[in-house]
Amino acid sequence: MLALRACGADIFEQMMGWGMAAFPARARVVIIGGGAVGASCLYHLAKAGWTDCLLLEKNELTAGSTWHAAGNVPTFSSSWSIMNMQRYSAELYRGLGAEVDYPMNYHVTGSVRLAHTAERMDEFRRVVGMGRYQGMALELLEPDEIKARYPFLEVHDLMGALYDPNDGDIDPAQLTQALAKGARNMGARVERFCPVLSVRREGEDWVIVTEKGEVRCEFVVNAAGYYAREVGQMFGREVPMMVMSHQYMLFDTVPEVAAHSAETGKKLPLLRDVDSSYYLRQEKNGFNLGPYERNGRAHWISKDDPFPSDFSFQLFPDDLERLEWYIEDAMARVPLLAIAPLTKVINGPIPYTPDGNPLIGPMPGVPNAFEACVFTFGICQAGGAGKVLAEWVTKGATEWDMWSCDPRRFTGFEDEAYCIAKGMEVYGHEYGMHFPHYAWPAGRGQKLSPVHNRVAALGAQFGAYNGWERANWYARPGDDVSEAGAQTWKREGAWFGAVREECEAVRDAAGILDLPGFSRFRLSGAGAAAWLSRQITGRMPNVGRVGLAYFADDMGRIVTEMSIVRLGADEMTLITAATAQAHDFDWLARHLEPGLTLVDVTLDYACQIVTGPASRAIFAEVCGADLTLTWLSHQETKIAGRWVRLLRVSFAGELGWEIHTKVADTAVVNDAVMTAGAKHGLRPFGMFALNSLRIEKGYRAWKGDLSTDYTVLQGGLERFVDWGHEFRGKAALAAEKQRGVTKQFVALAVEAGAYDPPYMSTIWQGDAVVGETTSGYFGHRVGACVALGMVRADLAVAGLALEVEIFGQRHRAVVQAEAAMWDGKNERIRA
Ligand SMILES: Cc1cc2nc3c(=O)[nH]c(=O)nc-3n(C[C@H](O)[C@H](O)[C@H](O)COP(=O)(O)OP(=O)(O)OC[C@H]3O[C@@H](n4cnc5c(N)ncnc54)[C@H](O)[C@@H]3O)c2cc1C
């Protein structure tokens, strides 16, 4: 044994840990897939004390996408949670080699990200602010400062650049081995050349069937990279994904680059020309050029190109033709590239979900099973992903709200054609900017309202919400409805005037919003009300009433919000956001008591909102309902001879009712209401107007203002807490109440310039960071930019002037006495 140790710790460990011990009969967690992500999951589980875990890899570790990855480790993201994950990875990788005694090539070179346009500079300004909040010193560079960072660059046509000192590159295989070694050092186990063939459920166990035998486990993780769909199918789960080919080219030594490195003792920073869409990295003393081309290629999507049963350590044939434009562009940008000899092309598979973010979290509908797969940037995200996955498994909840990566953000409508269309779109716009009023065009028209054509004929400009097409705004004759018109960060665009008119109609007369895809679940069975009462922080509504309910996790954090329509003692409909469909159903189903019935009836009904002071007069003309019933009541009635249920609620904050119809009756009901409404000034309004109206009322939006980043008390929702009953999260909330909250939800009137504050804009008091916005929009009724957000609890003082940083500029923002800046006493809604 001593001799073995002397001739190499790795060989010794491989024999002891990987090959020689008998195949285990049991493990607490089995991870399927040994790429960077699977290895990080194992490492983080072990780090959390769950050392009795086993990773199964069909080939050698890294055999999937990991072995050939370029290994770039950016922290940049315009998504708060993805940035968090990548920042964590970079911090982990810095110390990992020393921690696990596995030296790694990790070069922290910094990066220069180029801006060709003013919009791109705005994006950078925003990311600098987010980065600063996360403790990173990102820096903006003027065009004349760029060359000091990257001397070989043409800068004449640039607006500027972003410098990220934390960026760099790592050897992906070494990273994976280091994570696996760290996990093994703590007692976890890796079994290579051990493909998982099938799985089955036996009692509370998963039985994982492999060529080497069967292993039982409590939890299982699909970390199978681009094989995730095949592994998912073993669990009866359709993983929404597709596979693109991505290429990078290696160029040999360029004397000037070698001289620069010799002189400075460092590599050039990683260069990303995001508007042209490629990265260019110094590789030894040459280059690595990797484009995300618009004319990308999907793989394994046809009978002529079937999904291979094993693609370990394989590549696609080179396909440089489609990269020509990018190569030429890069050569014009860095002329030295033109003299560098091309030596090698790597063309490998890279998996995509329809929105390009990975899947990390509970496997929808499958008990004790999780996903950590379909990573497009799995090297720079592996560290953070492992942390997040380990938290899901060991605690059932994550430290950071990770909705951006939650598998339940997809709800099952994402068929192959949709996945391909969206994957191609994301790949071709990998560095694209996500403007707040822009609706990405691919994969549209998945789910249509029963009155879609009527809405379209009225000028609706649509956006997709969980695949449902909803009007964002209604264009007037002459309004610019081009795609280019919406590609701005600015508040004002073609929609602005139309949205103002829509809001004014709701304020002064009435508006109608067609809202297909409201998620709804029917809950029934003896004891249903008692059970539901224990799930929500507040009181159950009485029969005939509607209640807004908040669901907390065990830490008292906000899981979700649903409207409860109490139909009978033990019968209710739960209504929630379109995007929350799978998440909320899953949350309820996981906690459901035996004997209760929970059914998703989303597709059976449709909803139209009619709101505004004239709405009572309109309903009086079309139905015999009792329109004196108070706010938060519901009743059945008939419109145009068709059954409807009216809910007296309004997310717009005016007098109003939601009309819930059976899908087949919706058009007839819509006709009747539109006809009656015409003389009362009824006009259609869209989601942009709804956002404006709700923010003035301080109504929170799910996964913006309402997320697991905050507790129910921080969220300012104590009026929805009934301390006199038992509910999930009560102990944590009671303890927090005793301690006093550290953060407090507020509304701010912002003296903003041309932009509204995006999600997670920093709130300042003098030089101190004191909070962050969770949403921001222009309120047309109050005539001001409104931000909702969290500030240090002692600063939640009406009239206090703070500042909100919006795209790099600080703007005065005054804390409001009430979260509702419009009709704080709810007189209009109760009228
Ligand atoms: C050319 C190219 C360059 C890239 N450059 C970068 C970059 O610079 N930075 C970055 O962050 N990302 C980059 N990526 C993406 C990155 O490679 C992937 O996101 C990452 O490797 C995914 O890691 P993973 O562990 O999720 O999957 P994989 O590495 O694919 O690992 C999955 C593993 O599961 C195993 N497996 C599958 N089925 C089974 C089964 N039934 N039983 C047991 N095991 C199974 C496979 O053998 C495989 O080893 C690049 C990708 C390509 C193609």
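Since this is a predicted model, take the numbers as computed values, not measurements.

Notes on the overall build of the protein chain
Scanning the protein chain for helices and strands turns up 20 helices and 38 strands. What you see for the protein chain is a C-alpha radius of gyration of 28 Å, in line with the 28 Å of a compact globule of 831 residues. Taken along its principal axes, the extent of the C-alpha atoms in the protein chain is 90 × 65 × 60 Å. Across the protein chain, contacts joining residues at least 24 apart in sequence account for 73% of those joining residues at least 6 apart. Counting every atom, the protein chain has about 30,200 Å² of accessible surface; 52% of that belongs to carbon and sulfur. Of the side chains in the protein chain, 82 bear a positive and 101 a negative charge, and the two mean positions are spaced by 5 Å.

Some words on helix α9 (residues 255-264)
Of all the residues in α9, the buried ones are Val 257, His 260 and Ser 261. Down the axis of α9, the buried set is contained in an arc of 95°. They therefore lie on one face. In α9, the exposed residues that point more than 90 degrees away from the buried face are Pro 255, Ala 262 and Glu 263. Where α9 is buried, its residues meet β14 (278-283) and β15 (286-291).

Focus on the environment of Asn 72
Within the secondary structure, Asn 72 sits in the loop between β2 (53-56) and α4 (80-100). Between the C-alpha atom of Asn 72 and that of Ala 118, which follows or precedes it by 46 residues, the distance is 26 Å. Apart from residues no more than four positions distant in its own chain, Asn 72 is found in contact with Gly 168, Asp 169, Leu 270, Arg 272, Tyr 279, Arg 281 and Cys 380.

Some details on the site of the ligand
Near the ligand, the surroundings consist of 37 residues, among which Glu 57, Thr 66, Asn 72, Phe 375 and Gly 378 are the closest. The backbone of Val 37 places a nitrogen or oxygen atom 3.0 Å from an oxygen atom of the ligand. Between the ligand and Glu 57, the relevant distance is 2.7 Å, taken from an oxygen atom to a side-chain nitrogen or oxygen of the residue. In isolation the ligand exposes 990 Å². Once the protein is present, 98% of that is buried. Broken down by secondary-structure element, the contributors of at least two residues to the shell around the ligand are α3 (36-47), β12 (242-251), β17 (342-352) and α11 (378-395). A breakdown of the residues in the shell around the ligand according to their chemical character gives 20 nonpolar, 15 polar and two charged.

Some words on the confidence of the model for the protein chain
Mean pLDDT for the protein chain: 96, with 98% of residues reaching 70 or above. Every residue in residues 1-19 scores below 50 in pLDDT, and together they form 24 contacts with partners more than four places removed in sequence or on other chains.

Details of the nonpolar core
Among the nonpolar cores identified, the biggest contains 105 residues, and Tyr 352, Trp 473, Phe 685, Leu 748, Val 750 and Leu 802 are the most heavily contacted of them. The greatest single-element share of this core, amounting to seven residues, is contributed by helix α14 (residues 494-508). By size, the runner-up hydrophobic cluster in this structure holds 53 residues, among which are Ala 36, Ala 90, Ala 188 and Val 221.

Some details on the sheet that holds strand β30 (residues 642-647)
Judged by pairing direction, the sheet is mixed, and its six strands sit side by side in the order β29-β30-β31-β28-β22-β32 without closing on themselves. Edge positions in the sheet fall to β29 (634-639) and β32 (682-684), since each has one partner strand and no second. Neighbouring strand axes in the sheet, compared pairwise and without regard to direction, differ in orientation by 30° on average. Across seven bridges, strand β28 (residues 605-611) lies against strand β31 (residues 656-662) in antiparallel orientation. If you follow Ala 606 over to β31, its bridge partner there is Thr 661. Sheet strands in contact with helix α17 (residues 615-622) are β22 (510-514), β28, β29, β30, β31 and β32, and its direction is about 35° off that of β31.

Focus: the sheet that holds strand β27 (residues 597-600)
Read across the open sheet, the five strands follow the order β24-β25-β26-β23-β27; overall the sheet is antiparallel. The open sheet is flanked by β24 (546-552) and β27, the only strands paired with a single partner. Strand-to-strand twist of the sheet, defined as the mean angle between neighbouring strand axes without regard to direction, takes the value 30°. Against the sheet, helix α16 (residues 581-591) makes contact with β23 (519-524), β24, β25 (558-568), β26 (571-576) and β27, and its axis sits at roughly 75° relative to β25, the strand it touches most.

So, the pairing of β29
Sheet topology places β29 next to β30; six bridges connect them, and they run antiparallel. Looking across to β30, one finds that Glu 636 is bridged to Arg 645. Between the antiparallel neighbours β29 and β30 lie two residues, among them Ala 640 with a positive phi of about 50°.

Some details on the packing of α3 against helix α7 (residues 172-185)
Between two packed helices, the angle of one axis relative to the other and the distance separating the axes together describe the packing. Relative to each other, α3 and α7 sit at 25°, their axes nearing to 8 Å. In terms of orientation, α3 lies roughly parallel with respect to α7. Here α3 and α7 pass one another in a crossing that is left-handed. From α3, Ala 36, Ala 39, Ser 40, Leu 42, Tyr 43 and Ala 46 reach across to α7, where they touch Thr 176, Leu 179, Ala 180, Gly 182 and Ala 183. For the contact of α3 with α7, the residue count by class is eight nonpolar, three polar and no charged.

Observations regarding the pattern of salt bridges
All told, the structure shown has 59 salt bridges when counted by the stated rule. Here Arg 476 makes a salt bridge to Asp 479, at a shortest N to O gap of 3.0 Å. Note on Arg 476: relative accessible area 25%, which makes it partly exposed. In this structure, Lys 743 engages Glu 772 in a salt bridge whose closest nitrogen and oxygen atoms are separated by 3.3 Å. Taken together, the positions of Lys 743 in strand β33 (residues 743-750) and Glu 772 in strand β35 (residues 768-779) put the pair 29 residues apart, joining distant regions of the chain.

Cut-offs and rules
Residues numbered from 1 in each chain as written. Predicted model: local features only at pLDDT ≥ 70, side-chain atom pairs only at ≥ 80, totals over all residues. Heavy atoms only, no water. Helix = DSSP H or I, 4+ residues; strand = E, 2+ residues; numbered from the N terminus. Rg over C-alpha atoms; globule rule 2.2 N^0.38 Å. Contact = heavy atoms within 4.5 Å. Areas by Shrake-Rupley, 256 points an atom, 1.4 Å probe, with all protein chains shown as cover. Lys, Arg positive; Asp, Glu negative; His and termini not counted. Charge placed at Lys NZ, Arg CZ, Asp CG, Glu CD. Buried < 20%, exposed > 50% of the residue type's maximum accessible area, 1.4 Å probe, protein only. Arc of directions from axis to C-beta. Near = heavy atom within 4 Å. Polar contact = N/O pair within 3.5 Å; in protein donor to acceptor, adjacent residues only side chain to side chain. Nonpolar A, V, L, I, M, F, W, Y, C, P; charged D, E, K, R; others polar. pLDDT = per-residue confidence, 0-100. Core = buried A, V, L, I, M, F, W, Y, C linked by side-chain atoms within 4.5 Å. Pairing = 2+ DSSP bridges. Axes fitted to C-alpha atoms, helices over the stretch in contact; angles between N-to-C directions. Parallel < 35°, antiparallel > 145°, perpendicular 65-115°, else oblique. Left-handed = near helix turned anticlockwise from the far one by under 90°. Salt bridge = Lys/Arg side-chain N within 4 Å of Asp/Glu carboxyl O.

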